[in-house]
Amino acid sequence: MLPNDFYMQPTKTVAEQLLGKQLTRIWRGKKLSGIIVETEAYLGLKDKAAHAYGGRKTERTKAFYLPGGHSYIYLIYGMYHCFNVVCGDETRPEAVLIRAIQPTMDIENPTNGPGKLCRELKIAKPLNGLPLNAPPIFIEDIGINIHKCDIKRGPRIGIDYAQEARDWALRFWIRNNAFVSRN
DNA sequence: CCCATGATGCCCT
DNA sequence: GGGCATCATGGGT
């Protein structure tokens, strides 16, 4: 498992360092696993694309304010879920969206998008706010090292409404990886 | 290739 | 009531 300190680094760093880590969901006795290949950082207070922008705290965004290393999961477009890793402490409501994984175990369908990977890993509201260091969902370092030169970055997807934050290069992905949502 | 649209439910002002 | 951190599909160029 990743130590708690890992999630207390600057959120951009966490987003980069999560590339190559393994996400595992235990479901009906099976291990559903994949390597994280694409992420996006969301920087609460100053980031107009983030649900916690300006410190907004509602029933939905509560988990955003948990200590780093917990999940933040929400429903989008009435039919998909998005899975985030909370970073920092309650004074720094930030998170990393997991946008794509490369399947390693017991996954049959594509996971090259935030909605699709949640569908495949059976990630939904009941897992919201859980720590990510124990079943039923956890992230671990399995010894894959991604070279700095193999990490690409660019603007985030689907946040054109976010004014100046629209152009911030907070999306990270592994270069030439076939399982990212887009290059 | 690009752009437009519908599905569908909840959140938030 | 408007809009959304998405996806699949269908049509035009």
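Before reading on, note that the structure itself is shown above.
(A) Structural context of the protein's contact with DNA strand B. Around DNA strand B, the surrounding shell consists of Arg 56, Thr 58, Arg 60, Thr 61, Leu 75, Tyr 77, Gly 78 and Met 79. Atoms of DNA strand B within 4 Å of the protein belong to the sugar or the phosphate in 63% of instances, the rest to bases. The contact in question runs from a phosphate oxygen of DNA strand B to an N or O atom on the side chain of Thr 58, over 2.4 Å. In this structure, Gly 78 approaches DNA strand B through a main-chain N or O atom, which is 3.4 Å from a sugar or linking oxygen. Residue composition of the surface near DNA strand B, by class: three nonpolar, three polar and two charged.

(B) View of the nonpolar core. Within the largest apolar cluster, 36 residues are counted, with the highest numbers of intra-cluster contacts made by Tyr 7, Leu 18, Phe 83, Val 85, Ile 98, Ile 123 and Ile 139. Where this core is concerned, the elements lending two or more residues are α1 (11-17), β2 (30-43), β4 (80-87), β5 (94-105), α2 (114-120), β7 (137-140) and β9 (171-174). Counting residues per element, this core draws most heavily on β2, at five residues. Discounting residues that sit within four places of it in the chain, Ile 139 has contacts with Met 1, Leu 2, Tyr 7, Leu 18, Lys 21, Gln 22, Leu 23, Val 85 and Leu 132. Formed by 16 residues, the second largest nonpolar core is a distinct cluster that contains Tyr 42, Ala 49, Tyr 65 and Leu 97.

(C) A look at the pairing of β9. Here β9 shows no split at all, with Arg 171 and Trp 173 on one side and Phe 172 and Ile 174 on the other all buried. Judged from the three bridges that link them, β2 and β9 form a sheet pairing that is antiparallel. Bridged to Glu 40 within β9 is Arg 171. Across four bridges, the pairing between strand β8 (residues 151-154) and β9 is antiparallel.

(D) A look at the protein's contact with DNA strand C. Around DNA strand C lies a shell of 19 residues, among which His 51, Tyr 77, Asn 84, Gly 115 and Tyr 161 are the nearest. In DNA strand C, atoms within 4 Å of the protein come from the sugar-phosphate backbone in 55% of cases. Take Pro 114: an N or O atom from its main chain is 3.3 Å from a phosphate oxygen of DNA strand C. Contact distances for DNA strand C include 2.4 Å between a phosphate oxygen and a side-chain N or O atom of Tyr 161. Elements with a minimum of two residues in the surface near DNA strand C: β3 (71-76), β4, β5 and α2. Its residues assigned to classes, the surface near DNA strand C shows 12 nonpolar, five polar and two charged.

(E) Representation of the environment of Pro 3. Note on placement: Pro 3 falls in the segment before α1. Along the chain, Pro 3 and Asn 133 lie 130 residues apart, while their C-alpha atoms are 8.3 Å from each other.

(F) Inspection of the pairing of strand β1 (residues 22-27) at higher detail. Bridging between β1 and β2 involves six bridges; their strand directions are antiparallel. Looking across to β2, one finds that Thr 24 is bridged to Ser 33. Linking β1 to β2, which pair antiparallel, is a turn of two residues; within it Arg 28 sits at a positive phi near 50°. Here β1 runs beside β7; their pairing, made up of four bridges, is antiparallel. Across the sheet, the residue bridging to Leu 23 is Ile 139, located in β7.

Parameters and conventions
- Residues numbered from 1 in each chain as written.
- Chains lettered and ligands numbered in written order.
- Predicted model: local features only at pLDDT ≥ 70, side-chain atom pairs only at ≥ 80, totals over all residues.
- Heavy atoms only, no water.
- Near = heavy atom within 4 Å.
- Polar contact = N/O pair within 3.5 Å; in protein donor to acceptor, adjacent residues only side chain to side chain.
- Nonpolar A, V, L, I, M, F, W, Y, C, P; charged D, E, K, R; others polar.
- Core = buried A, V, L, I, M, F, W, Y, C linked by side-chain atoms within 4.5 Å.
- Buried < 20%, exposed > 50% of the residue type's maximum accessible area, 1.4 Å probe, protein only.
- Helix = DSSP H or I, 4+ residues; strand = E, 2+ residues; numbered from the N terminus.
- Contact = heavy atoms within 4.5 Å.
- Pairing = 2+ DSSP bridges.

This is a description of form; function is not addressed.
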